[in-house]
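If you want the building blocks of each chain, they are given just below.
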Amino acid sequence: MVAFRFLALLTVGLSLLTFVFLLNVSNARLEREALRQVVGAPFQLEAGGEASWTLDLGGTRVETAWPGEQRQPHLFVRAEPGAELAAQAEYRSADGVALLAALAGGERVVATAGPDGLASFGSLWLSWEHPLTVEFEVLKGGPEGSQGEPFLSGQPSKNFMAARAISRTLWVVFTIIGAMGLAVLVATQRDLFGAPRGSVRS
């Protein structure tokens, strides 16, 4: 009877620990995905030059799609410090008709690369149904031969970070509870698989 009780408690404890562990691992993977970058083809940073970048934020598989809506992608261009660029992002139909402006800051956003070499154009509204076309115009170029590299970078929302903190806390709490429960069970039962405590042993 004591052995059965022990195995039942152990099974419940392991099930809870496994569930919380899988939740923690899943959220850790999402956290890594939040830092994933989608990089476009480089273009020349010549004043008056233009470049276009077309990409599909959806995908036939989850692994190839942009991570879920809790990680809002931001549009950047790696460029020479001081370079000034304008960006316009639109979702377009198959025949090239503009359907929706994608940049949260407006139809056309101007940004200057800072000392870190990054020009930030803000976040994008997400759509899984139509390809995204981003057009860049170089207003102020860099040194001769310099290039700009566009990329999207995810950024976790406050809700996602809160969920991540909760999953970490649950993992720690349930691990401690499981360890304490096993220690108490061992301490209060001298012979788990033999006679109950207080009975006479042969």
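Rules used throughout
Residues numbered from 1 in each chain as written. Predicted model: local features only at pLDDT ≥ 70, side-chain atom pairs only at ≥ 80, totals over all residues. Heavy atoms only, no water. Helix = DSSP H or I, 4+ residues; strand = E, 2+ residues; numbered from the N terminus. Buried < 20%, exposed > 50% of the residue type's maximum accessible area, 1.4 Å probe, protein only. Contact = heavy atoms within 4.5 Å. Phe/Tyr/Trp six-rings, centres within 6.5 Å; stacked < 30°, edge-to-face > 60°. pLDDT = per-residue confidence, 0-100. Core = buried A, V, L, I, M, F, W, Y, C linked by side-chain atoms within 4.5 Å. Polar contact = N/O pair within 3.5 Å; in protein donor to acceptor, adjacent residues only side chain to side chain. Salt bridge = Lys/Arg side-chain N within 4 Å of Asp/Glu carboxyl O. Pairing = 2+ DSSP bridges. Patch = residues over 30% accessible without salt bridge, like charges linked within 9 Å, V, L, I, M, F, W, Y side chains within 5 Å. Areas by Shrake-Rupley, 256 points an atom, 1.4 Å probe, with all protein chains shown as cover.

## Points about the overall build of the protein chain
Thought 1: Each helix and strand counted, the protein chain has 2 helices and 10 strands in total.
Thought 2: The linear arrangement of helices and strands in the protein chain, starting from the amino end, is α-β-β-β-β-β-β-β-β-β-β-α.
Thought 3: Taking all 202 residues of the protein chain together, 31% fall into the buried category.
Thought 4: For the protein chain, long-range pairs separated by at least 24 residues make up 79% of all intrachain contacts whose partners lie at least 6 apart in sequence.

## Quick word on the packing of aromatic side chains
Thought 1: Tallied over the entire structure, the rule returns 3 aromatic pairs.
Thought 2: Note on Phe43 and Phe136: the rings are 5.4 Å apart at their centroids and 20° apart in plane angle, and the pair reads as stacked. A residue pair is termed long-range when its members are at least 10 positions apart, and Phe43 in strand E2 (residues 43-44) and Phe136 in strand E9 (residues 132-140) qualify at 93 residues.
Thought 3: Residues Phe76 and Phe151 carry aromatic rings whose centres are separated by 5.3 Å and whose planes lie at 15° to one another, so their mutual orientation is stacked. Taken as a pair, Phe76 in strand E4 (residues 71-78) and Phe151 in strand E10 (residues 147-156) lie far apart in primary sequence, 75 residues in all. Of the two residues examined, Phe76 and Phe151, each falls in the buried class.

## Brief notes about the confidence of the model for the protein chain
Thought 1: Looking at the protein chain as a whole, its pLDDT mean stands at 77, while 68% of the residues score no less than 70.
Thought 2: Confidence, read as mean pLDDT per element, is least for helix H1 (residues 2-34) in the protein chain (67) and greatest for strand E7 (residues 109-112) (94).

## Some details on the nonpolar core
Thought 1: Ranked by internal contacts, the top residues of the largest apolar core, which has 27 residues, are Leu75, Leu85, Phe121, Leu132 and Phe136.
Thought 2: The set of elements that each furnish at least two residues to this core consists of strand E3 (50-55), E4, strand E5 (84-92), E7, strand E8 (118-123) and E9.
Thought 3: Beyond its immediate sequence surroundings of up to four residues, Leu75 is in contact with Trp53, Ala87, Leu103, Ala119, Ser120, Phe121, Gly122, Val134, Phe136, Phe151 and Leu152.

## What about the side chain of Arg92?
Thought 1: With respect to the helices, strands and loops of the structure, Arg92 is situated in strand E5.
Thought 2: For Arg92, the side chain forms a polar contact with the side chain of Glu90, separated by 3.1 Å.
Thought 3: Reaching out from Arg92, the side chain makes a polar contact with the side chain of Glu135 at a distance of 3.1 Å.
Thought 4: For Arg92, the residues in contact, after removing those within four places along its chain, are Val97, Ala98, Leu99, His130, Pro131, Thr133 and Glu135.

## Topic: the pattern of salt bridges
Thought 1: Summed over the entire model, instances satisfying the criterion amount to 4 salt bridges.
Thought 2: Residue Glu90 pairs with Arg92 through a salt bridge whose shortest N-O separation is 3.1 Å. Accessibility assignment for this pair places Glu90 and Arg92 in one class, buried.
Thought 3: Arg92 is the partner of Glu135 in a salt bridge, and the nearest nitrogen-oxygen pair spans 3.1 Å. A residue pair is termed long-range when its members are at least 10 positions apart, and Glu135 in strand E9 and Arg92 in strand E5 qualify at 43 residues.
Thought 4: One salt-bridge network, in which partners are shared between bridges, spans Glu90, Arg92 and Glu135.

## Thoughts on the pairing of strand E6 (residues 98-101)
Thought 1: With 3 bridges joining them, E5 and E6 adopt antiparallel strand pairing. Across the sheet, Arg92 pairs through a bridge with Ala98, a residue of E6.
Thought 2: What sits between the antiparallel neighbours E5 and E6 is a turn of 5 residues, in which Gly96 has the positive phi angle 85°.

## Some thoughts on a nonpolar patch on the surface
Thought 1: Together, Phe21, Leu22 and Val25 make up an exposed nonpolar region whose accessible area comes to about 270 Å².
Thought 2: Note that Phe21 resides in helix H1.
Thought 3: Judged by its relative accessible area of 39%, Phe21 is partly exposed.

## Some details on the pairing of E7
Thought 1: Burial of E7 is one-sided: the residues Val109 and Ala111 facing one way are buried, the residues Val110 and Thr112 facing the other way are not.
Thought 2: Taken together, the 4 bridges between E5 and E7 define a ladder with antiparallel strand orientation. Bridge pairing in E7 places Glu84 opposite Thr112.

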